[in-house]
Amino acid sequence: AAALSAACVWSIAVMAPVQANQKVYRSVTAADAERAQRLLAQADAEREAGDYTAAIEHYTQGIRIDERVGGYAERAYCRYKLGDYEDAERDANTAIHRRSARELTKAGVAGMAELVRGMSRYQRGEYDAAAQDLKMVRGTRYDTPEVRAVCDEVRAKIEERVAAERAARREAYMGAAAAIYAR
């Protein structure tokens, strides 16, 4: 038993260590990679045509075959358009964290994940986080008058909340001060 235990320890120690933040991909054949690219191209066409449900399905299939091909930001956009704000934000987060230089140069991708995440957060009432994301959209092709209008509305909601918090603190302070002076 001791020899078996030592052999197991030795074989584990010989294996290359995996870092905690290292992503381990499954091996993908050239045929799989080509199939994933075709599915993403099909999904892109469906997204542009407004068939978001079919596009989500094809993005998901492509990602399952080879997750390195991307497609998360585009799938996030489709989910946002269908009103699935939580899944849209999750896909946008994945897209932001997994970006490659190739994806950043793909037309229309730079800023898409931030836009979707910001708009999803806006729809759920998370105005501070939405403001940060929408600020990152400036200077991209998604910096449209509609997005600027949402940014203005988010700013107004934040200012309104801050004013209400300030008024509540002032009221609490005045109540405490009045109680102290009443003694």
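Residues numbered from 1 in each chain as written. Predicted model: local features only at pLDDT ≥ 70, side-chain atom pairs only at ≥ 80, totals over all residues. Heavy atoms only, no water.

Participant: Whenever I open this one, the pattern of salt bridges confuses me. Can you help?
Facilitator: A side chain of one charge can pair with a side chain of the opposite charge when the charged atoms of the two come close. Applying the stated rule across the entire model yields 16 salt bridges. Taking the shortest distance from any N to any O, the salt bridge between Glu-89 and Arg-121 comes out at 2.9 Å. Linking Glu-89 in helix α5 (residues 85-97) with Arg-121 in helix α7 (residues 112-123), this pair joins segments that are 32 residues apart in sequence. We note a salt bridge from Asp-143 to Arg-148, for which the minimum N-O separation is 3.1 Å. Classification of Arg-148 as partly exposed rests on a relative accessible area of 44%. Three or more residues joined by partner-sharing salt bridges are found here, namely Glu-89, Arg-117, Arg-121, Arg-124, Glu-126 and Asp-133. (Salt bridge = Lys/Arg side-chain N within 4 Å of Asp/Glu carboxyl O. Helix = DSSP H or I, 4+ residues; strand = E, 2+ residues; numbered from the N terminus. Buried < 20%, exposed > 50% of the residue type's maximum accessible area, 1.4 Å probe, protein only.)

Participant: What is the right way to look at the nonpolar core in this model?
Facilitator: For soluble globular proteins, the rule of thumb is that nonpolar side chains tend to be buried together. Formed by 24 residues in total, the largest nonpolar core has its most connected members in Ala-113, Leu-115, Val-116, Met-119, Leu-134, Val-150 and Val-154. Broken down by secondary-structure element, the contributors of at least two residues to this core are α4 (72-81), α5, α7, α8 (127-136) and α9 (145-182). Setting aside residues up to four positions removed in sequence, Val-150 forms contacts with Met-119, Tyr-122 and Leu-134. Within the second largest apolar cluster, eleven residues are counted, among which are Ala-36, Ile-56, Ile-65 and Val-69. (Core = buried A, V, L, I, M, F, W, Y, C linked by side-chain atoms within 4.5 Å. Contact = heavy atoms within 4.5 Å.)

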